[in-house]
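# Examining the three-dimensional arrangement
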Amino acid sequence: MDPDDQIMQGPGERRVAEAAERIVAEGRPRLHRTWTSLVATSLLGGIDVGVGVMTLLFVRHETGSELLAGLAFSVGLIALLLGHSELFTEGFLVPVATVIAGAATWLDLVRMWGTVLVMNLLGGWVFMWLVMQAYPDLHRTAAASGAKFVDGGYTLGTFCLAVLGGGVITLMTRMHHGSESMTGKIIASVTTAFVLAGLGLWHSVLDSLIAFAGLHTGETSYGYLDWLRWLAWAVLGNIVGGLLLTTALRLIRSAPVLKDSDAESGAEQHAGATRTG
């Protein structure tokens, strides 16, 4: 028996293997969606996160508690889960594993990342405009909350906040695929929201929507160029955290399954080419 096969015999490792297989099975259609489907699900992702940000701002305004506001933000992550929409930082584990397994290309991954990020931001920008017009009492809280991130500076500390943010949100994706229980997945979403928003970690989409809320008030110390510079810093940190803290180690542990998937994908492509020939 091959050493890798022996390793995968334990019950814990079998669950890891099953989760890896589910990841590849989910990632293949996600990376090969039509442009229309990708744009629509990504816009919805921005709106779903916007619902969470609206709730976060309300709770922060009424209680002044960062921890309670973070817990309230879980509404957004639960909406993402149950609504099957797309969030940029959820694209670190499943799509990358799918590419490594040979079921998609790196160009497919770049296409997905770019489209999801832009559409998340666009959908969130529109939603937060609606929120700020509907609830003017939130203006001061929104402006102060946005400044906390955009005016946070470009230091090792803020970069680490972005790295941690990317790692935590990717951990949520990993937990979702490690459980077949919807209750377990919802618990993972709630705890992730608490850690991500309650502890003030930097997340490129979540915190951009908070910044947009402030910008819509016209009362901020920052502008759109300041936000763009901040966004680049946050995206870089999120990618580093998502890929290195969670995805890379997960791929190493699931290497035997992904290797088998790669071989199967290659065989299918070869068979298709033979039939075509």
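For clarity, every value in this text was computed on a predicted model and none was experimentally measured.

Parameters at a glance
- Residues numbered from 1 in each chain as written.
- Predicted model: local features only at pLDDT ≥ 70, side-chain atom pairs only at ≥ 80, totals over all residues.
- Heavy atoms only, no water.
- Salt bridge = Lys/Arg side-chain N within 4 Å of Asp/Glu carboxyl O.
- Helix = DSSP H or I, 4+ residues; strand = E, 2+ residues; numbered from the N terminus.
- Expected span 1.5 Å × (residues − 1).
- Buried < 20%, exposed > 50% of the residue type's maximum accessible area, 1.4 Å probe, protein only.
- Polar contact = N/O pair within 3.5 Å; in protein donor to acceptor, adjacent residues only side chain to side chain.
- Contact = heavy atoms within 4.5 Å.
- Core = buried A, V, L, I, M, F, W, Y, C linked by side-chain atoms within 4.5 Å.
- Axes fitted to C-alpha atoms, helices over the stretch in contact; angles between N-to-C directions.
- Parallel < 35°, antiparallel > 145°, perpendicular 65-115°, else oblique.
- Nonpolar A, V, L, I, M, F, W, Y, C, P; charged D, E, K, R; others polar.
- Phe/Tyr/Trp six-rings, centres within 6.5 Å; stacked < 30°, edge-to-face > 60°.
- Left-handed = near helix turned anticlockwise from the far one by under 90°.
- pLDDT = per-residue confidence, 0-100.

Counted by the stated rule, this structure contains five salt bridges. Between Lys148 and Glu66 there is a salt bridge; the shortest N-O distance is 4.0 Å. With Lys148 in helix 8 (residues 139–150) and Glu66 in helix 4 (residues 66–72), this residue pair connects regions lying 82 residues apart in the sequence. With a closest N to O distance of 2.6 Å, Asp226 and Arg229 form a salt bridge.

Now for helix 11 (residues 204–217). The terminal C-alpha atoms of helix 11 lie 20 Å apart, and with 14 residues this matches the ideal 20 Å at 1.5 Å per residue to within 8%. Within helix 11, 14 of the 14 residues are buried, which leaves it mostly tucked inside the rest of the structure. Gly218, located one to two residues past helix 11, shows a positive phi value of around 75 degrees.

Tracing the backbone through its elements, the reader meets Thr217 in helix 11. Only 3.1 Å separates the side chain of Thr217 from the backbone nitrogen of Glu219, close enough to count as a polar contact. Filtering out sequence-adjacent residues up to four positions away, Thr217 remains in contact with Met132, His139, Ala142 and Ala143.

Moving on, we come to the nonpolar core. With 56 residues, the main nonpolar core has Val53, Leu57, Phe73, Phe88, Met128 and Trp230 as its most contacted residues. In terms of residues, this core owes the most to one element, helix 7 (residues 106–134), which gives 10 residues. Discounting chain neighbours no more than four positions away, the residues touching Trp230 are Phe149, Val150, Tyr154, Trp202, His203, Ser204, Asp207 and Ser208.

What follows is about the packing of helix 9 (residues 156–177) against helix 10 (residues 182–198). In contact at an axis separation of 9 Å, helix 9 and helix 10 are set at 175 degrees when each is read in the N-to-C sense. By the angle between their directions, the pair helix 9 and helix 10 is classed as roughly antiparallel. Every residue of helix 10 that contacts helix 9 at Gly165, Val168, Ile169, Met172, Met175 and His176 is listed here: Lys185, Ala188, Ser189, Thr192, Val195 and Leu196. Among the residues making up the contact of helix 9 with helix 10, the classes are represented as seven nonpolar, four polar and one charged.

Inspection of the entire model under this criterion finds nine aromatic pairs. When the ring of Phe58 is compared with that of Tyr135, the centres are 4.7 Å apart and the planes differ by 80 degrees; the resulting orientation is edge-to-face. One end of the pair, Phe58, is in helix 3 (residues 35–63); the other, Tyr135, is in the loop between helix 7 and helix 8, and 77 residues separate them in sequence. A relative accessible area of 29% places Phe58 in the partly exposed class. By the ring-pair criterion, three or more aromatic residues cluster together here, those being Phe88, Phe92 and Trp113.

Phi is positive for His84, which is not a glycine, with a value near 55 degrees. Here His84 shows up in the loop between helix 5 (74–83) and helix 6 (94–100).

Right, let's talk about the environment of Ile210 for a bit. Note that Ile210 resides in helix 11. On the basis of relative accessibility, which here comes to 2%, the residue Ile210 falls in the buried class. Along the sequence, Ile210 and Ala144 sit 66 residues apart, while their C-alpha atoms lie 9.5 Å from each other. Excluding residues within four positions of it along the chain, Ile210 makes contact with Val53, Leu56, Ala142, Ser145, Gly146, Phe149 and Tyr222.

Checked against the element boundaries, Val150 lands in helix 8. Counting along the chain gives 60 residues from Val150 to Ile210, while the straight-line C-alpha distance between them is 9.8 Å. Sequence-distant contacts of Val150, that is, excluding residues within four places in its chain, are made with Ala211, Tyr222, Asp226, Trp227 and Trp230.

Moving on, we come to the packing of helix 8 against helix 11. Two elements in contact, helix 8 and helix 11, have axes separated by 7 Å at closest approach and are oriented at 130 degrees. It follows that helix 8 is oblique to helix 11 by the angle criterion. Like other packed secondary-structure pairs, helix 8 and helix 11 cross with a definite hand, here left-handed. Residues His139, Ala142, Ala143, Ser145, Gly146, Phe149 and Val150 of helix 8 lie in contact with helix 11, whose contacting residues are Asp207, Ile210, Ala211, Ala213, Gly214 and Thr217. Residue composition of the contact of helix 8 with helix 11, by class: seven nonpolar, five polar and one charged.

Before going further, it helps to examine the confidence of the model for the chain. In the predicted model, the chain carries a mean pLDDT of 86, and the fraction of residues at 70 or more is 82%. For residues 1–8, every residue scores under 50 in pLDDT, and the model assigns this stretch 10 contacts once sequence neighbours within four places are set aside.

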